[in-house]
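# Structural overview for review
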Amino acid sequence: MKSRTARCAALLLLSASIIAPASLVAEQPVATTGEQTVWPFETSDVPVDPGFVFGHLPNGMRYILRENATPDGTAVVRMRIDSGSLDETDAERGLSHFLEHMAFNGSANIPEGEMVKLLEREGLAFGADTNASTGYEAITYMLNLPRNDADLLDTALMLMRETASELTIAPDAVERERGVVLAERRDRRNYAAKAREDASDFLAPGARFTERRPIGTLETLENATADQLRALYERTYTPANTTLVIIGDFPAALVEERLRHWFASWDGGAAPVDPETGPVDITRRGETHVYLDPALSESVTITALGPWRDRPDTIANRRAGALRMVGYAIVNRRLARLAREADAPFRSARLASRDIFEDARSTTIVVSSEDGQWERGVSAAVHTVNRALIHGFTEAEIAEQLANIRTALENRVEAASTRSNRALAGSALALVSREAIPTEPRFQLGLFEEMARDFTPGSVLAALRADAAPLTAPLIRFQGRTAPEGGRQALRAAFDEAMARPVAAPETQAPANFAYDDFGEPGRVVTDTRDERLGFRYLTFENGARLTLKATDIREDQVRFRVSVDGGRLMNTREDPLATYLIGSLPAGGLGAHSQDELLSVLAGRSVGLRVSNTSDAFAFSGATTRRDLALQMQLIAAGLTDPGYRPEAIERFRRGIDNYFRSILATPAGAYGAKQGAILSDGDPRFTLQSRDDYFALDFARLEAVIADRLENGAIEAALVGDFDEDAAIAAFAATLGALPEREPAFHERGEARERRFTETRGVHVIRHEGEADQALVRLVWPTRDDSDLAETLRLSLTARVLRLALTERLREELGQAYSVQAVSAPSQIYPGYGTFTVSGPVEASEVETVRAAIREVIGDIREGGVDDDLVERARQPLIEAYDNALKSLGGWMGLAARAQSRSDRLDRWFAGPATLSAITPDEIVRTARTWLEPGEAVEFLVLPAEPEDQVTRPPASDLPQHAPARLVESGD
């Protein structure tokens, strides 16, 4: 159990400032009583990863350091304040998050507004590299350093110290930031957020955590004073309440020395006492609740409550946890299998148990169904769970899960030396937040192998039964658009009937073998050349298939692949705009010899997968595998090309989501915009216009097969492999699969007519109405630009967008407090000649739309009139330069170049020319670019406003919880 008070007292009692983890691995103490500790692993028999350096300062501040070079020459810095919204008083609700905002608004040595600018000059983009987050239990400040020079490290530590103890929290700065905080609160409210709030209120009525949501209350935020913020700051930002994590390509001794330089002089009080989180009444039984919103899809949540259990991280608890994990995984595997079947009873269902802070433990079944099908879904899901709890599992089910676990752990061992900075920082923070001890992958695998024999049907069932709260008169919550027929009584009756159904023991299924291991005589390589600039190897096989190899060990044992087959969205026509839409559903149809569900069993324990996406001019099979499974991955892709299953259950799954999409699309400003903008900007071109519900329902695999079968059989193939592999083995794997197929077309089709795309000639304002919150609106301006054939102009447009975003952020966010997230994006097309867009947008308060429109016009006008200085351009440019410098430190960056390196070789030349071209752009060029493309009268302007009062949808009260972006059915063009 976490004890912040005891932990911090121990910091001052211990004389040694550095804990040597290597010695702890050799001699692990067991838990004792009456002894206070600094780190959880000191009283555990779990050996901490010796690569970390753990220490503390005399003032009580803890730190975790690690030297790591993935990505090479970079580092991450995280500062966790171990207090969040739960630490707030009734009068402070939302002030922890407000205080997080104030960290960027002035300190003793950094004037207001200068922190972000200072970091931008160093190449850190606000949001991507400079950010912070506030939760219930902590505030975390984050910096991602793009270089490993000592001066930048010093800058980062100086800024963290300024944040920790030197914030000025000036009254006028508080007033300026208030609007930004209120804008964030406004923008995060939507139907899904309100539903989550209602769910937590029903689960734990009156619990403190339901009244301490991090975003706060409107009353508190509107009236908060600088004195209130300062009082919270002084109470919670103390050395004993702070942990600093630095992972990256710096010597640990250097980091420690500089850390001490900046933080040793920090004086502060003790850490706050752990706040209350509950209460949660675990004796509640038989309560049923219905929550309705016209945008919500139908789901039923069944929850049983039980006591919280203190489970410190020990080897014994890890063993017990592994048994439980396998049990839950098998139950969820069965539920997923039902969801994939023809005439499935639900869209999805899941069983899980979790802690509710330290107040309770819940076991929950969540069933998502099509509207009106909740009863059938509850019956099937509850019966499946009950069957597992009564009869348990088969040896085959356990073997499948163990194979997957073993492979995942083996993969971690192979990749251990190239774990990323961010992953390691996450492990370090988990030690602080959850007392989860970071361990070496080899230890994790060894522990698993030691207990492998313990995974029996009996032991797994016993572990699941011991952990899951009994499903006796559980809490039941329904949410959806319309109330369930029969109301709460019908919900309770459906559960009771499902529990009363007789259950039979599970049947053992005979294991199958993968059916696709022979594609004929391996193909012969006819050309084999190298590009020494990037270390690419280009091969062409006798059948016309092309392969690009880039061997690199920047991520050990990891291999990225991408196989592009001629086709893509350019095959969509005005007459049939959805011709290729279902390509993404193809894997759900399985293969001719195996359903998708069967493949999960057949390929258990293998790091392979089948995923295909619809790009502009190709169908792309992509993903990641390992050295050991590369040959099997190539077989799987070849099977997907030559024998797709086209099973109808995949179409059923696709159709189950259509109604929900159309019924919720107008429930947010972003969703409403997405539904309408395509038709407006393209003058109704069906290829870029959301089609009707009936059009999507009419899609099936027969139509798709008629369109793509020839492409899968004959279309040009260009593949790329990037990662840690043996070139000869990779060539052999490709030759035996894609290289062994019958002759392919030598090149991708140009499809010139399909590349015609027009930007509407109609300018002016378009008003779109949404059905969401009455105070939400969206302002968006879209200008036509050009394609990306001119690299210099492409980069000028990109840099202009970044300059404009910085200027708009300062005006709209910092000065007016009207928009939390302002965007400016240039999107010149690589596919459609002459086509491109430049977009400026921001979510705003509905009553302030005209203020924001005027401000956008003023900022653009200022730039067009020459209001661009060297510093603004450098702050916009430097993150782009750093992005170039670091792009090839990840497999994803390499794949971006390798994927079409042979058919689009000119892109490689552009890559090499990019940094110099970008560096040469001057402020005058930014001004000229804005004058050329951002003519005020040439924009199409969208105002997404609330529905008229008489058309507004009745909704429950607003929520404080974060929102999720709406799903999209419209495919974007390139």
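Look a little higher up for the structure.
Residues numbered from 1 in each chain as written. Predicted model: local features only at pLDDT ≥ 70, side-chain atom pairs only at ≥ 80, totals over all residues. Heavy atoms only, no water.

With that settled, consider the sheet that holds strand 9 (residues 298-306). Reading across from one edge, 8-12-9-11-10 is the order of the five strands in this open sheet, with mixed pairing throughout. Each edge of the open sheet carries a strand with a single partner, namely strand 8 (288-292) and strand 10 (348-356). Geometrically, the sheet is characterised by an average inter-axis angle of 15° between neighbouring strands, direction not taken into account. Helix-sheet contacts for helix 11 (residues 315-340) involve strand 10 and strand 11 (360-369), and the interaxial angle to strand 10 is about 155°. (Pairing = 2+ DSSP bridges. Helix = DSSP H or I, 4+ residues; strand = E, 2+ residues; numbered from the N terminus. Axes fitted to C-alpha atoms, helices over the stretch in contact; angles between N-to-C directions. Contact = heavy atoms within 4.5 Å.)

What follows deals with helix 30 (residues 906-919). Counted at 1.5 Å a residue, the expected span for helix 30 with its 14 residues is 20 Å, and the 21 Å between its end C-alpha atoms agrees. Largest kink in helix 30: about 45°, centred on A913, with the proline P915 one to four residues after it. Within the sequence span of helix 30, burial applies to L908, R910, W911, G914 and L918. (Expected span 1.5 Å × (residues − 1). Bend = angle between axes of the 7 residues up to and from the residue. Buried < 20%, exposed > 50% of the residue type's maximum accessible area, 1.4 Å probe, protein only.)

A few words now on the packing of helix 13 (residues 395-414) against helix 15 (residues 441-451). It is at 8 Å that the axes of helix 13 and helix 15 come closest, and there the two elements cross at 155°. Between helix 13 and helix 15, the angle is such that the two are roughly antiparallel. Here helix 13 and helix 15 pass one another in a crossing that is left-handed. Between helix 13 and helix 15, the residues in contact are L402, I405, R406, L409, E410, R412 and V413 and P441, R442, Q444, L445, F448 and E449, respectively. Class assignment of the residues belonging to the contact of helix 13 with helix 15 gives a composition of seven nonpolar, one polar and five charged. (Parallel < 35°, antiparallel > 145°, perpendicular 65-115°, else oblique. Left-handed = near helix turned anticlockwise from the far one by under 90°. Nonpolar A, V, L, I, M, F, W, Y, C, P; charged D, E, K, R; others polar.)

This paragraph deals with a negative patch on the surface. Taken together, the side chains of E375, E485, D496 and E497 define an acidic patch exposed on the protein surface. Among the structural elements, E485 can be located in the loop between strand 12 (475-480) and helix 17 (487-500). (Patch = residues over 30% accessible without salt bridge, like charges linked within 9 Å, V, L, I, M, F, W, Y side chains within 5 Å. Areas by Shrake-Rupley, 256 points an atom, 1.4 Å probe, with all protein chains shown as cover. Salt bridge = Lys/Arg side-chain N within 4 Å of Asp/Glu carboxyl O. Lys, Arg positive; Asp, Glu negative; His and termini not counted. Charge placed at Lys NZ, Arg CZ, Asp CG, Glu CD.)

Turning our attention to the packing of aromatic side chains. For the structure shown, the criterion picks out 26 aromatic pairs. Each member of the aromatic cluster is reached from another via a ring pair, and the members are Y581, F654, Y661, F662 and Y696. Its end group placed over the ring of W39, R62 keeps NZ or CZ at 4.4 Å from the ring centre. Sitting over the ring of F688, R757 keeps its end group 3.8 Å from the ring centre. (Phe/Tyr/Trp six-rings, centres within 6.5 Å; stacked < 30°, edge-to-face > 60°. Lys NZ or Arg CZ within 6 Å of the ring centre and 35° of its normal.)

Tracing the sequence through the fold places I64 in strand 3 (residues 62-67). The class for I64 is buried, based on a relative accessible area of 0%. Each C-alpha atom, one on I64 and one on L99, is 24 Å from the other, the two residues being 35 residues apart in sequence. Among all residues touching I64, those that are not within four sequence positions of it are W39, F52, V53, F54, T243, L244, V245, I246, A428, L431 and V432.

Below, the discussion takes up the sheet that holds strand 15 (residues 546-551). The strand order across the open sheet built from seven strands is 13-14-15-19-16-18-17, with neighbouring strands paired in mixed fashion. One side of each edge strand has no neighbouring strand; the edge strands of this open sheet are strand 13 (525-531) and strand 17 (612-614). Across the sheet, the axes of successive neighbouring strands diverge by a mean angle of 20°, strand direction being ignored. Packed onto the sheet, helix 19 (residues 630-642) meets strand 16 (559-566), strand 18 (618-625) and strand 19 (717-723) and runs at close to 20° relative to strand 16. Contacting strand 13, strand 14 (536-541), strand 15 and strand 19, helix 25 (residues 727-735) runs over the sheet at an angle of about 30° to strand 14.

With 18 residues, helix 12 (residues 374-391) ought to run about 26 Å at 1.5 Å a step, and its terminal C-alpha atoms sit 25 Å apart, in line with that. Taken together, the buried positions of helix 12 are occupied by W374, G377, V378, A380, A381, V382, H383, T384, V385, N386 and A388. Phi turns positive, to about 80°, at G392, one or two residues after helix 12.

Topologically, D787 is positioned in the loop between strand 21 (776-784) and helix 26 (791-815). By relative accessible area, D787 is classed as buried at 13%. Polar side-chain contacts of D787 include one of 3.2 Å to the side chain of R786. A polar contact of 2.7 Å, which involves the side chain of D787, links it to the side chain of S789. Those residues within four positions of D787 in sequence are excluded, and the remaining contacts are T794, P828, S829, Y832, P833, G834 and Y835. (Polar contact = N/O pair within 3.5 Å; in protein donor to acceptor, adjacent residues only side chain to side chain.)

In this section: the environment of E718. Relative to the helices and strands, E718 is located in strand 19. By relative accessible area, E718 is classed as buried at 0%. Each C-alpha atom, one on E718 and one on E771, is 45 Å from the other, the two residues being 53 residues apart in sequence. Among all residues touching E718, those that are not within four sequence positions of it are R546, R562, V563, S564, F748, A899, R900, A901, Q902 and S903. Within the structure, the side chain of E718 is placed 3.3 Å from the backbone nitrogen of A901, a separation counted as a polar contact. A polar side-chain atom of E718 sits 2.5 Å from a polar atom in the side chain of S903.

Bringing the side chain of Q776 into the picture now. Within the secondary structure layout, Q776 lies in strand 21. Only 2.7 Å separates the side chain of Q776 from the backbone oxygen of R186, close enough to count as a polar contact. Not counting the four nearest positions on each side in its chain, Q776 is found in contact with R186, D187, R189, P669, H770, V844, A846, V944 and P946.

Turning our attention to the packing of helix 12 against helix 17. Interaxial distance between helix 12 and helix 17 falls to 8 Å at its minimum, and their mutual angle equals 35°. The element helix 12 and its partner helix 17 pack so that their crossing is right-handed. Contact residues: helix 12 offers W374, E375, V378, S379, V382, H383 and N386, while helix 17 offers A490, L491, A494, F495, E497, A498 and M499. Split by residue class, the contact of helix 12 with helix 17 holds nine nonpolar, three polar and two charged.

Note that the residue after T70, namely P71, is joined by a cis bond; omega there is -5°. Topologically, P71 is positioned in the loop between strand 3 and strand 4 (75-81). For the bond running from G278 to P279, omega is 5°, close enough to zero to count as cis. Along the chain, P279 falls in the loop between helix 10 (252-263) and strand 8. The phi dihedral of E435 is positive, around 55°, even though this residue is not glycine. Structurally, E435 is set in the loop between helix 14 (421-434) and helix 15. A relative accessible area of 25% means that E435 is categorised as partly exposed. Of note in this structure, Y646 is not a glycine but carries a positive phi near 50°.

Let us look at the pairing of strand 22 (residues 823-828). Where burial is concerned, the two faces of strand 22 differ: the one with A824, S826 and P828 is buried and the one with Q823, V825 and A827 is not. Pairing analysis gives six bridges linking strand 22 to strand 23 (residues 836-845), with the strands arranged antiparallel. In the sheet register, V825 faces strand 23, and the bridge partner there is T839.

Within the structure shown, the criterion is met by 85 salt bridges. The closest approach of N and O atoms between D775 and R189, which form a salt bridge, is 2.2 Å. Remark: R189 occurs in the loop between helix 6 (171-187) and helix 7 (191-203) and D775 occurs in the loop between strand 20 (764-770) and strand 21; sequence separation between them is 586 residues. Across the pair, R189 and D775 agree in class, each one buried. Here D566 ties to R751 by a salt bridge, and the two come within 2.9 Å at their closest N and O atoms. In this pair, D566 sits in strand 16 while R751 sits in the loop between helix 25 and strand 20, placing the two residues 185 residues apart along the sequence. The burial state of D566 is the same as that of R751; both residues are buried. Salt bridges sharing common partners tie together E114, K117, E120, R121, E810, D871 and R875.

With that out of the way, let us pick up the pairing of strand 15. Most of strand 15 sits out of view: five of its six residues are buried. Bridge count between strand 14 and strand 15: four bridges; the pairing is antiparallel. Along strand 15, the bridge assignment pairs R537 with L549. Taking the residues that link successive antiparallel strands as the turn, the strand 14-strand 15 hairpin has four residues, and the phi of G544 there is positive, at about 100°. Both strand 15 and strand 19 contribute to a ladder of six bridges, which runs parallel. Residue pairing in the sheet places R546 in a bridge with E718 of strand 19.

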